[in-house]
Amino acid sequence: MEKKKCRPVPVIICAVFIALFLILPLVFVITEAFSDGLAGWWANITERYTVKALKLSLLSMVAAVVINTVFGLFAAWALTRYYYRGQRILNTLIDIPLSVSPVIAGLIFILTFGRSSPLYPLLQQLHISVIYAVPGIIIATVFVTLPYVSREIIPVLNAIGTAEEEAAALMGAGGWKIFRKITLPHIKWSLLYGIVLCTARSLGEFGAVSVISGHLRGRTNTLPLHIEILYNEFQYSPAFAVSSLLVILAIILLVIRSVVEHRGGKNEQV
Amino acid sequence: MKKIRKYIILSLCVLITAASLCGCGSRSDGNTVSMINVSYDPTREFYEEYNALFSDYWQQQTGKSVEVLMSHGGSGTQALSVANGLPADVVTLALEADVNSIMNEGIIEPGWVEQFEGDSSPYTSTIVFMVRAGNEKNISDWGDLAGEVGVITPNPKTSGAARWIFLAAWAWAENQYGADNEDAIVDFVGKIYRNVLVLDTGARGSTTTFCENGQGDVLLAWENEAFLILEQYPGEFEIVNPSISTLCQPSVAVVDEVVDRNRSRDLAEAYLEYLYCDEAQRMIGRYNYRPSNPEILQEFSNVFDLEMELVTIDHFGGWVAAQEKYFSDGGVFDRIYDFQR
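Residues numbered from 1 in each chain as written. Chains lettered and ligands numbered in written order. Predicted model: local features only at pLDDT ≥ 70, side-chain atom pairs only at ≥ 80, totals over all residues. Heavy atoms only, no water.

(A) View of unusual backbone geometry. All names here are of chain B. Look at D119: it is not a glycine, yet its phi comes out positive at around 55°. Structurally, D119 can be placed in helix α5 (residues 117–120). Accessibility expressed as a relative area gives 39% for D119, which makes it partly exposed. The backbone of N138 sits at a positive phi, close to 50°, despite the residue not being glycine. (Helix = DSSP H or I, 4+ residues; strand = E, 2+ residues; numbered from the N terminus. Buried < 20%, exposed > 50% of the residue type's maximum accessible area, 1.4 Å probe, protein only.)

This is how it looks when you write it as structure tokens:
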């Protein structure tokens, strides 16, 4: 098939736009990050509080991905394989984290677990701290990334239908076996894609976590919060060095994402 | 099998997460005790050094080292977090009113102002002018701000610093036109706010507007923030000390509910008490706050303008009255801001 003739104007507009709004700022971030040289960048990255913030960000990311993968699989299953009253409502509810502003998500948890909540005395007696502590940050991250995995799987599950699974069940396969042998191979790539999206979103999460964190340096500061604090303290080159770390992580995720998209696309064609 | 290995890895991840969740509850292990100090934005560098000093002292006294976890942010926001359950052992905030708002939740007991010397303010600051190098507009005192100049100051509705700034201008006008002549005072302060080019929500925002974005001829700022700007932008700006300003007293307090729960009252009180020792007071001066100890303040007479007349909040009848009269909805500031539009 012959390719269509290239139209230069839209392409140029698109390229200029991308250069201005995406490439240029990124270049500035990277230049600023390395303004003290490679050694300076490394010193900024390995600073004690930065490392702790990175660890916390990774921890909440892993937790969000694990929890949301499990939840996403169950939710997608429940929404495509059974028919019952209230299914639509459930389907809509899953999307709440996408439509609610993250700041409000944070406030919801402050109201639920904070000092004015009826749950607070109970939590105090059990010596459990939720908000202004690590569990709160994980909960907030899980909340904002909740729909990502299930939203990717549901369309695929709907598309493949139940015929193969029913056939396997008739031949005597158990639920776990059906999932492993029939369902998983179908949804493998969309599941991976959802996980990548969930990872990216949880690493960058700012709003909800900012409300709930209390900004305890070295304990409840995630990377994005740490960047904001550094910036407000006139520490521009450390702030941009840490930003560049997030940018690098994001680029890695983008590469993984396009690999997944590419291979997933090829898989479906076969 | 490959798949099974995947599940094992997955479940390991869950285990690790669970384990680290359980581990984060402990507050002390053997020889290290930890405490939380919730403070506001510009104190970061000072407390970093002070925490090391205090940790050495506490080690000598008790044989245990102290790890102080810091939290910085806007003073009002920080107070709100503590009121919502952020487990701070001590708060070191910008305004008495912010500590009072925590007190009103029943977390800090009334009478905290008397607990430490100098109204529980181990360091103070004031409001000064910051002009571009050369001071082309010849700004020397509050009177010049009503002329043809561009002024940068934050919004008194949202910023603590901005309230001190408003009151400082008010105090100068009272001195100029007489305390009874309120029409003239309102008129003068109104002229200043008509000259405001950008009314940011916070003090740091105004600093950025003035220094980074190059707006305006004069920035009204905290004295300690002004010295920080001089260090950050050498040779670009000058400090102008007005004849009258306000004595801003940042407040420190022990958070009673939290220290009783953690049995850390001794530690928390010692932490704040030690801010008044000579060594800490000198450190305060080095970080451009005014030490509350008058003798040590004299040692910094070449840094701070000690001739300035500083008006305290008592002059305005305390924070509750001042808030009501000047900054509440429909208060004096709203009237000024209205006829501006």
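(B) Up close: the interface of chain B and chain A. At the interface, 37 residues of chain B touch 30 residues of chain A. Roughly 3,000 Å² of surface becomes buried between chain B and chain A when both sides are summed, with 56% attributable to carbon and sulfur atoms. Our count for the chain B to chain A interface comes out at 1 salt bridge. A salt bridge links B:E257 to A:R115, with the nearest nitrogen and oxygen atoms 2.6 Å apart. Our count for the chain B to chain A interface comes out at 7 residue pairs in polar contact (both at pLDDT 80 or more). Counting residues per element, the ones that place at least two in the side of chain B that touches chain A are α1 (2–23), β2 (32–39), α2 (44–62), β3 (65–71), α3 (75–83), α8 (203–211), α9 (223–232) and α10 (256–262) of chain B. Of the residues that constitute the side of chain B that touches chain A, the class distribution is 14 nonpolar, 13 polar and 10 charged. (Contact = heavy atoms within 4.5 Å. Buried area = accessible area lost by both parts, 1.4 Å probe. Salt bridge = Lys/Arg side-chain N within 4 Å of Asp/Glu carboxyl O. Polar contact = N/O pair within 3.5 Å; in protein donor to acceptor, adjacent residues only side chain to side chain. Nonpolar A, V, L, I, M, F, W, Y, C, P; charged D, E, K, R; others polar.)

(C) Layout of the packing of aromatic side chains. All names here are of chain B. Summed over all chains, the structure comprises 40 aromatic pairs over all chains. Seen in terms of ring centroids, Y193 and F333 are 5.3 Å apart; in terms of plane orientation they differ by 80°. Their pairing is edge-to-face. A residue pair is termed long-range when its members are at least 10 positions apart, and Y193 in helix α7 (residues 182–194) and F333 in helix α15 (residues 332–340) qualify at 140 residues. Judged by relative accessible area, Y193 falls into the buried class, the value being 4%. (Phe/Tyr/Trp six-rings, centres within 6.5 Å; stacked < 30°, edge-to-face > 60°.)

(D) Region of interest: the pattern of salt bridges. Residue and element names in this part refer to chain B. All chains considered together, the criterion is met by 18 salt bridges over all chains. D217 is the salt-bridge partner of K137, the closest N and O atoms lying 3.3 Å from each other. One end of the pair, K137, is in the loop between β6 (127–132) and β7 (151–152); the other, D217, is in the loop between α8 and β9 (218–222), and 80 residues separate them in sequence. Linking K157 and D329 is a salt bridge whose minimum nitrogen-to-oxygen distance equals 3.1 Å. Here K157, found in the loop between β7 and α6 (160–177), pairs with D329, found in the loop between α14 (318–327) and α15; they are 172 residues apart in sequence, far enough to count as distant. The exposure class of D329 is exposed, given its relative accessible area of 73%.

(E) The arrangement of the packing of helix α3 (residues 48–80) of chain A against helix α13 (residues 223–232) of chain A in detail. Residue and element names in this part refer to chain A. Contact pair α3 / α13: the axes reach a minimum separation of 8 Å and the direction vectors enclose 150°. In terms of orientation, α3 lies roughly antiparallel with respect to α13. Residue-level contacts link Y49, T50, A53, L54 and S57 of α3 to L223, P224 and H226 of α13. Residue classes in the contact of α3 with α13 are distributed as 5 nonpolar, 3 polar and no charged. (Axes fitted to C-alpha atoms, helices over the stretch in contact; angles between N-to-C directions. Parallel < 35°, antiparallel > 145°, perpendicular 65-115°, else oblique.)

Read these as layout, nothing more, since geometry by itself doesn't imply function.
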